[in-house]
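# Reading the structure
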Amino acid sequence: MNQAVKRSWWKEGIVYQIYPRSFQDSDGNGIGDIRGIINRLDYIKSLGVDIIWLNPVYESPNDDNGYDISDYRSIMSDLGTMEDFDELLEGMHRRGLKLVMDLVVNHSSDEHRWFQESKSSRDNPYRDHYHWWPAEKGTPPKRWSYFDVESNAWKYDATTDAYYLHYFSIKQPDLNWENPKLRQEVYDLMRFWFEKGVDGFRMDVISFISKDTSFPRLPDDAVPDDFISMYANGPNLHKYLNEMNREVLSNYDVMTVGEAPGVTLENALDLVSEDRGELNMFFHFDLMTLDRAPGEVFKMNPNGWSLKEFKRIFSEWDAVFARKGWGSVFLNNHDFPRTVSRWGNDSPEHWRNAATMLQTFLLTMRGTPYFYFGDEIGMTNIRFDRIEQYKDINTINMYKKIATEGGDLDEFLLDQKDAGRDNARTPMQWDETDNAGFTKGDPWIEVNSNYKKGVSVVAQENDPYSVLNYFRRVTAVRKAHVGLVYGSYELLNVNNENVYAFLRSHDKERYLVLLSFSTQNEALTIPGHLNYNRIEKLISNDLIKDDETYKEFLLRPYQAIVYKLS
Ligand code: GLC
């Protein structure tokens, strides 16, 4: 191991993300809940994961499924009670699982008491908890908004004749971090959850919190990407994260992972280098935009993506954290389509190998691996046909915007089949009974019908060859080889467009990882500089061809193999 790298539980742990609305309903209201998760803890433990990241469960009017919080210290009634939450945390800790909550403090709900006060008058004590632009100064400089039907991040409010800032929906006003009182409120609510025993936070769009309150103009032709880069580089971002670390985080043994759109390879270490005292890890967006149209976040690129670029992204990010900081490796989350549909292949012929190959990938990379619920059984995109099927404010408001502008709605709907966030939000597929065993009521969003075609826990539980049982084996392989966590990474066969091959080295141990992203058999020759006498297979998701030699391999479609070299 690199001597500088300190071991820790959040580096060695495997994360499993749960979108609570969609995981398991226990009371028949069609919405997943905390008790549903409690009932499934033994299942979660059986997967070999260690850390659960829970999307927001706080009180919320659900404009954006809980990312619009109206009370940071209580549980959303749809999801349960504080007693349920305490029982969940206790049940997790008893099983040796850690709990990471979502911290959404770039913005609150407009129904939060702070905002109600803030908008009531210009001299209210909470006025400066949010960003206001008084109308007598004219129209505010353009700011782009993610979910607004006009993409406008300023909303006029007649009560005080002023505009408030909302990078997301009009019901998600941005909190004013430049106000020290607001920062103290946030630190207090963080302490509230840490005192309960919570093990960390995933911090929603944390790169956006600090704003240049002189609100400089951007050029008229600025695209969403230009705004995102600006939002991410607020003048006091590092000052505030450092303060948060000093005042709160450093007092607890917790993990932090920031969602960090706009953070680049060049400034990555500013956020997570140990000597900075800020965060442990963050999610960058380079992979999440690889298959997107230039400058866009939610629109597909008709030219697709290439494996060479995919490899380049992972290799460059690995190099950044080789000596300092620590990376997070992920292929999806609740904001992006399903992994196997997006980066693999969900056709009946290739689905199993593609899903297990991608699992193998995340579990053999350096950095903390993040899985999203349902990945372990290879859940796929639902590909809705009609706008009425969508529940996501993002899709619905983009549709309204295109309709108002007279744009091509059919083209948009076609694109959303691959890009839409709701692909990730369909319910967990437990069994083959109605609604896949997710609910006895009407599910809040449609269930993918392939729960009757093998994509369910029950169908896979007793099949040793299933995606689910492969997942359990490959998590065990990572656990048994600390070199797969900390070992250095070397990309092999750089220009190969079909196979991702890399080497992990740790002290005297070396691991060779071969991953096919191809629908054909692929012959591969391992470069001569890798000297080894013996090669021992640790795991493979398919049969190995008999005719392979020590340096030449023939991979079946979407095959993954991990070897130990000596
Ligand atoms: C983050 C969340 C996303 C949410 C947005 C606004 O990107 O992951 O789900 O819509 O922030 O809170």
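Residues numbered from 1 in each chain as written. Predicted model: local features only at pLDDT ≥ 70, side-chain atom pairs only at ≥ 80, totals over all residues. Heavy atoms only, no water.

## As for the pattern of salt bridges
Considering all chains together, one arrives at 37 salt bridges under this definition. A salt bridge links Arg95 to Asp42; the nearest nitrogen and oxygen atoms lie 2.7 Å apart. Residue Arg95 is located in the loop between helix H4 (82-94) and strand E5 (98-103), and its partner Asp42 is located in helix H3 (residues 41-46); the two are separated by 53 residues in the primary sequence. On the basis of relative accessible area, Arg95 is assigned to the partly exposed category, the value being 21%. Salt-bridge contacts for Glu309 lead to Arg312; the nearest nitrogen and oxygen are separated by 2.7 Å. With Glu309 and Arg312 both in helix H10 (residues 307-320) and 3 residues apart, the pair spans about one turn of that helix. With a relative accessible area of 32%, Glu309 lands in the partly exposed category. In this structure Arg312 comes out as partly exposed when scored by relative accessible area, which is 35%. Members of the salt-bridge network, linked through shared partners, are Asp64, Asp335, Asp392, Arg421 and Arg425. (Salt bridge = Lys/Arg side-chain N within 4 Å of Asp/Glu carboxyl O. Helix = DSSP H or I, 4+ residues; strand = E, 2+ residues; numbered from the N terminus. Buried < 20%, exposed > 50% of the residue type's maximum accessible area, 1.4 Å probe, protein only.)

## Considerations on the site of the ligand
The environment of the ligand is formed by 13 residues, the closest being Asp64, His107, Asp204, His334 and Asp335. In this structure, an oxygen atom belonging to the ligand sits 2.5 Å away from a side-chain N or O atom of Asp64. Contact with the protein chains removes 96% of the 310 Å² of surface that the ligand exposes when unbound. Residue composition of the shell around the ligand, by class: 3 nonpolar, 3 polar and 7 charged. (Near = heavy atom within 4 Å. Polar contact = N/O pair within 3.5 Å; in protein donor to acceptor, adjacent residues only side chain to side chain. Areas by Shrake-Rupley, 256 points an atom, 1.4 Å probe, with all protein chains shown as cover. Nonpolar A, V, L, I, M, F, W, Y, C, P; charged D, E, K, R; others polar.)

## Some thoughts on the side chain of Ser207
With respect to the helices and strands, the residue Ser207 is situated in the loop between strand E9 (200-203) and helix H7 (224-232). The buried category is assigned to Ser207, whose relative accessible area is 0%. One polar contact links the side chain of Ser207 to the main-chain carbonyl oxygen of Pro261, over a distance of 2.9 Å. For Ser207, the contacting residues outside a window of four places in its chain are Tyr231, Ala232, Asn233, Leu237, Glu259, Ala260, Pro261 and Val263. (Contact = heavy atoms within 4.5 Å.)

## Remarks on the domain arrangement of the protein chain
By the assigned domains, the protein chain splits into domain 1 (10-110 + 175-472), domain 2 (113-165) and domain 3 (487-565). Just the C-alpha atoms count here: the centres of domain 1 and domain 3 sit 30 Å apart. Summed over both sides, the interface between domain 1 and domain 3 buries roughly 2,200 Å², with carbon and sulfur atoms accounting for 63% of that surface. When the buried area of domain 1 at its contact with domain 3 is split by residue, Leu307, Lys311 and Met357 rank highest and sum to 27% of it. (Domains from an automatic or database assignment. Buried area = accessible area lost by both parts, 1.4 Å probe.)

## A closer look at the sheet that holds strand E16 (residues 509-516)
Strands pair in a sheet through their backbones, by hydrogen bonds, and they do so in one of two ways: parallel or antiparallel. Sheet architecture is open: 5 strands sit in the order E14-E15-E16-E20-E18, paired in antiparallel fashion. A strand with exactly one partner marks an edge of an open sheet, and here the two such strands are strand E14 (488-492) and strand E18 (535-540). Across the sheet, the axes of successive neighbouring strands diverge by a mean angle of 25 degrees, strand direction being ignored. Sitting on the sheet, H10 is in contact with E14 and strand E15 (499-506), with an inclination near 20 degrees to E15. Each of E15, E16 and strand E20 (560-565) is contacted by helix H12 (residues 351-362), which is oriented at about 150 degrees to E16, the strand it contacts most. (Pairing = 2+ DSSP bridges. Axes fitted to C-alpha atoms, helices over the stretch in contact; angles between N-to-C directions.)

## Re the sheet that holds strand E6 (residues 132-134)
Spatial ordering of the open sheet is given by E6-E8-E7, a layout of 3 strands whose pairing is antiparallel. Here the strands that pair on one side only, and so sit at the sheet edges, are E6 and strand E7 (154-157). Across this sheet, the average inter-strand angle for adjacent strands is 30 degrees, counted without regard to direction. With 3 bridges joining them, E6 and strand E8 (residues 162-165) adopt antiparallel strand pairing.

## Focus on the packing of helix H13 (residues 393-405) against helix H14 (residues 409-419)
Interaxial distance between H13 and H14 falls to 10 Å at its minimum, and their mutual angle equals 160 degrees. On the basis of their axis angle, the class for H13 and H14 is roughly antiparallel. With respect to the hand of their crossing, H13 and H14 are arranged in right-handed fashion. Of the residues in H14, those touching H13 at Thr395, Met398, Tyr399, Ile402 and Ala403 are Leu409, Phe412, Leu413 and Gln416. Across the contact of H13 with H14, the residue classes break down as 7 nonpolar, 2 polar and no charged. (Parallel < 35°, antiparallel > 145°, perpendicular 65-115°, else oblique. Left-handed = near helix turned anticlockwise from the far one by under 90°.)

## Quick notes on unusual backbone geometry
Among all residues except glycine, the phi angle is most often negative; among peptide bonds, the trans geometry is most common. We note that Phe215 has phi near 45 degrees; this positive angle belongs to a residue other than glycine. Phi is positive for Asn435, which is not a glycine, with a value near 55 degrees. Position of Asn435 among the secondary structure elements: in the loop between H14 and helix H15 (457-461).

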